[in-house]
Amino acid sequence: MVTEIQTDLATEVEKRRNFAIISHPDAGKTTLTEKLLLYGGAIHEAGAVKARRAQRHATSDWMAMEQQRGISITSTVLQFEYDNCWINLLDTPGHQDFSEDTYRTLAAADNAVMLEDAAKGLEPQTRKLFEVCRMRSIPIFTFFNKLDRPGRDPFELLDEIEQELGLQTYAVNWPIGMGDRFKGVFDRRQRQIHLFERTAHGSRAATDTIVELGDPRIEELLEQDLYYKLKEDLEVLDAVGAEFDLEKIHQGQLTPVFFGSAMTNFGVKLFLESFLDYALKPSPRRSTLGEVQPTDPEFSGFVFKLQANMDPKHRDRIAFIRICSGKFEKDMVVNHARSGKTVRLSHPQRLFGQERESLVEAYAGDVIGLNNPGVFAIGDTIYSGKKLEFEGIPMFSPELFAYLKNPNPSKFKQFRKGVSELREEGAVQIMYSVDEAKRDPILAAVGQLQFEVVQFRLLSEYGVETRVDPLPFSVARWVGGGWEALERVGRLFNTVTVKDSWGRPVLLFRNEWNCQQVEGEHPELNLKSSAPVVSGQEPESL
Ligand code: G4P
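Residues numbered from 1 in each chain as written. Predicted model: local features only at pLDDT ≥ 70, side-chain atom pairs only at ≥ 80, totals over all residues. Heavy atoms only, no water.

An unreviewed UniProt entry lists the protein under the name Peptide chain release factor 3, with Thermocoleostomius sinensis A174 given as the organism. Reading the Subcellular location (unreviewed entry) entry of the UniProt record for the protein gives the comment "Cytoplasm". (UniProt positions renumbered as here; feature names shortened; annotations may be inferred.)

Right, here's the structure in full:
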């Protein structure tokens with residue numbers, strides 16, 4: 001018998017949608033996010049997100065670095081309601097040096113929006129993040145932005161995605177004109193033309209005039225050449241373009257494509273509405289107990305991100321949890337898979353960027369923030385009911401390595417605490433030399449800025465001045481065969497062996513070529529470019 005509680009749960013899960021935006025810096029992610037919030041009614045005037053940012057900078061010390069550099073380091077979650085759907089937008093940092101953070105966030109997302117500048121097409125950071133989405137086979141929605149500027153031919157842009165990413169495309173809407181003559185888009189679902197009017201700075205929703213394709217008013221509303229071009233384009237699309245196929249979208253094989261301009265709000269509402277129709281609702285997650293269904297009444301979730309000291313006045317630590325099944329209730333007591341202990345989930349928070357409000361309940365598909373008094377690590381599973389663990393979140397292969405030195409022995413305790421907490425938060429990976437005499441931790445990062453953030457935070461939050469001594473390596477490989485395989489192989493040239501925070505062997509190479517050589521000569525080492533965060537075991541202490 002289906003109980004009332006189960007029906008409620010199913011209805012709530014049905015309403016949930018979540019996604020992350022992947023893009024190259026400057027494609028317009030902040031602008032699009034802001035416009036989605038504007039249409040979602042979460043903010044009333046665009047510009048508010050930037051204002052919030054400014055506010056945040058006024059209260060946060062280490063994030064002052066973001067301001068100085070004009071970069072966004074932290075990723076946050078924005079939640080809003082639209083058309084009876086509850087949307088979780090998992091924001092990711094824009095700078096490529098923080099791709100590992102983006103990577104973890106993508107592990108919590110059911111859908112991705114690939115945002116591209118229509119004048120540029122595919123850019124390196126987007127390609128890299130696309131690969132991560134492909135690994136998880138999640139649906140990818142493409143939004144070509146900045147059509148209000150001269151851009152590349154839309155057919156050419158579709159072709160690039162098909163050829164280079166091996167992804168089929170289906171244009172859901174099609175641009176009418178471009179640059180100064182960008183008038184609107186054609187909605188292929190409803191076969192209607194949407195003509196927009198520009199508003200000052202796009203701070204309000206764009207006025208949208210909708211006309212059917214054969215409507216005689218078109219002649220007054222649209223210049224003739226643009227109308228003929230549109231008809232011609234549509235014929236080509238209908239003749240050679242892929243068929244719409246929701247199944248393929250959900251399997252990540254076909255991307256629905258949208259054209260628009262986030263700045264002037266053209267096409268944003270249409271995009272949002274189609275997204276809500278086509279996006280994957282919270283989906284089952286693989287675990288040690290098999291697939292966990294979101295409508296399973298037992299609560300479960302995993303930690304995908306930790307963030308400390310968002311507000312320096314409180315020195316708080318927040319764990320971001322993706323709920324995978326069931327209903328979350330404030331103060332519920334759940335099991336923590338790694339430690340085997342129980343934890344009370346008190347002070348849960350609904351997140352809106354850096355702002356938080358207390359929350360009483362949440363459902364599968366939602367992301368919530370919990371105070372983390374040092375209990376949670378990235379990848380941890382929490383559950384009620386039968387013991388289960390979700391798949392670990394892989395660590396990114398670092399490309400930069402450096403010894404982190406603490407020149408002041410009297411600060412050793414603070415240094416150790418700081419390094420351990422930043423490691424736990426995933427701000428940087430920590431490795432160690434196998435040589436017992438070399439006790440300094442090795443920072444392993446994807447980008448230089450991660451080093452700077454670590455040093456900055458150690459100083460501002462733990463009062464420790466540090467020095468970074470770079471190491472001449474650029475490739476790391478985990479030895480899948482373990483220490484025994486390494487021992488059997490014996491001495492290796494052009495590489496050093498270190499151990500990660502869990503004591504697992506990692507080889508560091510100067511370059512890709514050295515790595516390939518060792519890989520070719522010793523397949524038994526089973527070299528891997530990433531390794532899962534180990535659960536069920538605490539990392540080795542410093
Ligand atoms: P990001 O988060 O992906 O890095 O991009 P962001 O939204 O910050 O946008 C990068 C720049 O592109 C901004 O200009 C923004 O105004 C502009 N932009 C975003 N969407 C559009 C669009 O649809 N059309 C046009 N023409 N420009 C767009 P900026 O000069 O760097 O900053 P600002 O002074 O405008 O804030």
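**Student:** Could you clarify how one ought to interpret the overall build of the protein in this entry?
**Tutor:** Looking only at helices and strands, the protein has 15 helices and 31 strands in total. When the accessible surface of the protein is summed, it comes to about 23400 Å², and 48% of that surface belongs to carbon and sulfur atoms. (Helix = DSSP H or I, 4+ residues; strand = E, 2+ residues; numbered from the N terminus. Areas by Shrake-Rupley, 256 points an atom, 1.4 Å probe, with all protein chains shown as cover.)

**Student:** Can you walk me through the packing of helix H2 (residues 29-39) against helix H11 (residues 268-278) in this structure?
**Tutor:** Helices that pack against each other are described as a pair by the angle of their axes relative to one another and the distance between those axes. At a minimum axis distance of 10 Å, the contact between H2 and H11 shows a crossing angle of 75°. With respect to H11, the axis of H2 lies roughly perpendicular. Contacts from Leu 32, Lys 35, Leu 36 and Tyr 39 of H2 reach H11 at Val 268, Lys 269, Phe 271 and Leu 272. When its residues are assigned to classes, the contact of H2 with H11 shows six nonpolar, no polar and two charged. (Axes fitted to C-alpha atoms, helices over the stretch in contact; angles between N-to-C directions. Parallel < 35°, antiparallel > 145°, perpendicular 65-115°, else oblique. Contact = heavy atoms within 4.5 Å. Nonpolar A, V, L, I, M, F, W, Y, C, P; charged D, E, K, R; others polar.)

**Student:** Explain the sheet that holds strand S9 (residues 192-197) to me, please; I cannot follow it from the model alone.
**Tutor:** Each strand in a sheet pairs with another by means of backbone hydrogen bonds, the pair being arranged parallel or else antiparallel. Spatially, S7-S8-S9-S10 is the arrangement adopted by the four strands of the open sheet, whose pairing is antiparallel. Across the chains shown, the open sheet's two edge strands, defined by having one partner strand only, are strand S7 (173-176) and strand S10 (207-212). Taking the axes of each pair of neighbouring strands and ignoring which way they run, one obtains an average angle of 25° across the sheet. (Pairing = 2+ DSSP bridges.)

**Student:** Got a minute to help me understand the confidence of the model for the protein in this structure?
**Tutor:** Any residue range with low pLDDT should be treated as having predicted coordinates unsuitable for detailed reading. When pLDDT is averaged along the protein, the result is 85, and 84% of the positions lie at 70 or above. Scored below 50 in pLDDT, residues 54-62 makes 26 contacts in the model with residues more than four places away or belonging to other chains. Below pLDDT 50 for its whole length, residues 69-75 participates in 33 contacts with residues either more than four positions away or in separate chains. (pLDDT = per-residue confidence, 0-100.)

**Student:** Which parts of the structure should I look at to understand helix H6 (residues 124-136)?
**Tutor:** Helical geometry note: an α-helix holds 3.6 residues per turn, so side chains three or four residues apart project in the same direction. For H6, which comprises 13 residues, the first-to-last C-alpha distance of 19 Å matches the rise-based estimate of 18 Å (1.5 Å per residue) to within 8%. Taken together, the buried positions of H6 are Gln 125, Thr 126, Leu 129, Phe 130, Val 132 and Cys 133. Buried residues of H6 fall within an arc of 155° about the axis and therefore sit on the same side. Opposite its buried face, H6 presents the exposed residues Pro 124 and Met 135, each directed more than 90 degrees away. Backbone geometry just downstream of H6 places Ser 137 in the positive-phi region, at approximately 55°. (Expected span 1.5 Å × (residues − 1). Buried < 20%, exposed > 50% of the residue type's maximum accessible area, 1.4 Å probe, protein only. Arc of directions from axis to C-beta.)

**Student:** I would appreciate a short explanation of the pairing of S7 in the present structure.
**Tutor:** Burial along S7 is two-sided: Asn 173 and Pro 175 facing one way and Trp 174 and Ile 176 facing the other are all buried. Where S7 lies against strand S8 (residues 184-187), four bridges are found, and the strand directions are antiparallel. Each residue of the ladder has a partner; that of Pro 175, found in S8, is Val 185.

**Student:** What am I meant to see in the sheet that holds strand S27 (residues 467-471) here?
**Tutor:** An order of S27-S24-S26-S25-S29-S30-S28-S31 is seen for the eight strands of this open sheet, with the pairing classed as antiparallel. This sheet does not close on itself; its edge strands, each paired only once, are S27 and strand S31 (527-528). Two strands pair when backbone bridges link them, and strand S28 (residues 475-479) and S31 are joined in this way by two bridges, in the antiparallel orientation. The partner of Val 479 across the bridge, within S31, is Leu 527. Helix H15 (residues 512-521) rests against S28, strand S30 (505-509) and S31 of the sheet, and its axis sits at about 25° to S28.

**Student:** Where do I start with helix H12 (residues 412-425) in this structure?
**Tutor:** For H12, with 14 residues, the first-to-last C-alpha span of 20 Å sits near the 20 Å given by 1.5 Å per residue. What H12 keeps buried is the set Phe 415, Gly 418, Val 419, Glu 421, Leu 422, Arg 423, Glu 424 and Glu 425. Where H12 terminates, the next one or two residues include Gly 426, which has phi positive at roughly 85°.

**Student:** How should the pattern of salt bridges be read in this particular structure?
**Tutor:** Side-chain pairs of opposite charge can arise where the charged atoms are in close proximity. Counting across every chain of the model gives 30 salt bridges. Across the salt bridge formed by Arg 16 and Glu 12, the nearest N and O atoms sit 2.7 Å from each other. With respect to burial, Arg 16 and Glu 12 carry one shared label: buried. For Asp 380, the salt bridge is made with Arg 338, and the minimal N-O distance between the two is 2.8 Å. Of this pair, Asp 380 sits in the loop between strand S22 (367-371) and strand S23 (381-383) while Arg 338 sits in the loop between strand S17 (333-336) and strand S18 (341-344), and the two are 42 residues apart along the sequence. For the pair Asp 380 and Arg 338, one class covers both residues: buried. Where salt bridges share partners, they join Glu 12, Lys 15, Arg 16 and Asp 366 into one cluster. (Salt bridge = Lys/Arg side-chain N within 4 Å of Asp/Glu carboxyl O.)

**Student:** Teacher, can you tell me more about the side chain of Arg 338 here?
**Tutor:** Note on Arg 338: relative accessible area 13%, which makes it buried. A polar contact of 3.1 Å, which involves the side chain of Arg 338, links it to the backbone oxygen of Val 375. Separated by 2.8 Å, the side chains of Arg 338 and Asp 380 make a polar contact. (Polar contact = N/O pair within 3.5 Å; in protein donor to acceptor, adjacent residues only side chain to side chain.)

**Student:** What is the right way to read the nonpolar core from this model?
**Tutor:** One recurring pattern in soluble globular proteins: nonpolar side chains tend to sit buried together. Judged by nonpolar contacts, the single largest core of 83 residues is most densely connected at Phe 144, Trp 174, Ile 193, Phe 328, Leu 345 and Phe 376. If you count residues domain by domain, this core takes at least three from each of domain 1 (16-278) and domain 2 (285-383). For Leu 345, the residues in contact, after removing those within four places along its chain, are Phe 299, Phe 328, Lys 330, Asp 331, Met 332, Val 334, Leu 370, Phe 376 and Ile 382. (Core = buried A, V, L, I, M, F, W, Y, C linked by side-chain atoms within 4.5 Å. Domains from an automatic or database assignment.)

**Student:** Would you take a moment to explain unusual backbone geometry for this structure?
**Tutor:** Look at Ser 137: it is not a glycine, yet its phi comes out positive at around 55°. With respect to the secondary-structure elements, Ser 137 resides in the loop between H6 and strand S5 (140-145). Although it is not a glycine, Asn 526 sits at a positive phi angle of roughly 55°. In this fold, Asn 526 is placed in the loop between H15 and S31. Relative accessible area serves as the criterion here: at 37%, Asn 526 is assigned to the partly exposed category.

**Student:** Even after reading the chapter, I still don't get the environment of Ile 210, so can you show me in this structure?
**Tutor:** Checked against the element boundaries, Ile 210 lands in strand S10. Under the relative-accessibility criterion, Ile 210 is labelled partly exposed at 40%. Residues Ile 210 and Val 185 lie 25 residues apart in sequence; the distance between their C-alpha atoms is 9.9 Å. Residue contacts for Ile 210: discarding those within four places in its chain leaves Gln 192, Ile 193, His 194 and Arg 217.

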